[in-house]
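Coordinates in review
The chain contents come next:
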Amino acid sequence: FARLLAEDLPPGISTLHALICAAGRAGEVARAEYWFERIPEFNLEPNVKAYNQMMEAWSLKGDIAQVKAWFQRISTNGLTPNADSYAQVLTSLATSGTQEETHEWLQRMQQKRIRPEDNVLGEAIASCGGSKGLTGQFELVRALRSTGLEPGPVSWKVLLRSGCGDNLSRA
């Protein structure tokens, strides 16, 4: 990176995305934030992808509060969260959230007419296992179907791994 700067070749946003992503996936959230905060130094503006990468970094750390804070920063800074933004929140909720929060975030997506990918639905279904177990997961599948969202192969795989086996007809 220093060599790029020495050659008077400032990085583009894709280079900074790569640095944010690498730091976040290495568990170095402070380093990811360092690169995020440097984006304006190169006459660039942070875009939704950069925010999503920060959300992923915090999600990997298991800090749902920070994931939500970065989600909020997207709108605060005049941008619009996309499906990946919501996916980061739902992925984070799969390990540290509640069934009610998962339902709330899925409803927010639907209100914005953002259709989640099947892997995101799978994460949401997994997050509803908690204290209600399969009952909570089946409740979510029924709720999804009632709004026209049909779980795909990834979602069904989550249910099978949860041990629902012959009980799939309940969904």
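Residues numbered from 1 in each chain as written. Predicted model: local features only at pLDDT ≥ 70, side-chain atom pairs only at ≥ 80, totals over all residues. Heavy atoms only, no water.

Here we look at the overall build of the protein chain
When you go through the protein chain residue by residue, the secondary structure sums to 10 helices and 0 strands. In the protein chain, the succession of helices and strands from N to C terminus is α-α-α-α-α-α-α-α-α-α. The proportion of buried residues among the 171 residues of the protein chain is 42%. At a minimum sequence separation of 6, the contacts of the protein chain that also span at least 24 residues come to 60%. By element, 49% of the accessible surface of the protein chain is carried by carbon and sulfur atoms, the whole surface being about 9,100 Å². (Helix = DSSP H or I, 4+ residues; strand = E, 2+ residues; numbered from the N terminus. Buried < 20%, exposed > 50% of the residue type's maximum accessible area, 1.4 Å probe, protein only. Contact = heavy atoms within 4.5 Å. Areas by Shrake-Rupley, 256 points an atom, 1.4 Å probe, with all protein chains shown as cover.)

Some remarks on the nonpolar core
Ranked by size, the top nonpolar core spans 42 residues in total, and within it Ile20, Phe36, Met54, Leu90 and Leu106 carry the most contacts. When near neighbours in sequence (up to four residues on either side) are disregarded, Phe36 contacts Ile20, Pro46, Ala50, Tyr51, Met54, Trp70 and Arg73. (Core = buried A, V, L, I, M, F, W, Y, C linked by side-chain atoms within 4.5 Å.)

A short note on the layout of surface pockets
Volume-wise, the largest pocket comes out at about 170 Å³. If you go around the largest pocket, the residues you meet are Cys21, Arg25, Lys49, Asn52, Gln53, Glu56, Asn82, Asp84, Ala87 and Gln88. Of all the elements in the fold, those that place two or more residues in the lining of the largest pocket are α2 (13-25), α4 (48-61) and α6 (83-96). Of the residues contributing to the lining of the largest pocket, the split by class is 2 nonpolar, 4 polar and 4 charged. (1 Å grid on protein atoms, 1.4 Å probe; cavity = no way out; pocket = protein on both sides within 12 Å on 5 of 7 lines; lining within 4 Å. Points joined across faces, edges and corners; volume = space filled by probe spheres on them. Nonpolar A, V, L, I, M, F, W, Y, C, P; charged D, E, K, R; others polar.)

Function cannot be read off these values alone, since they describe shape.
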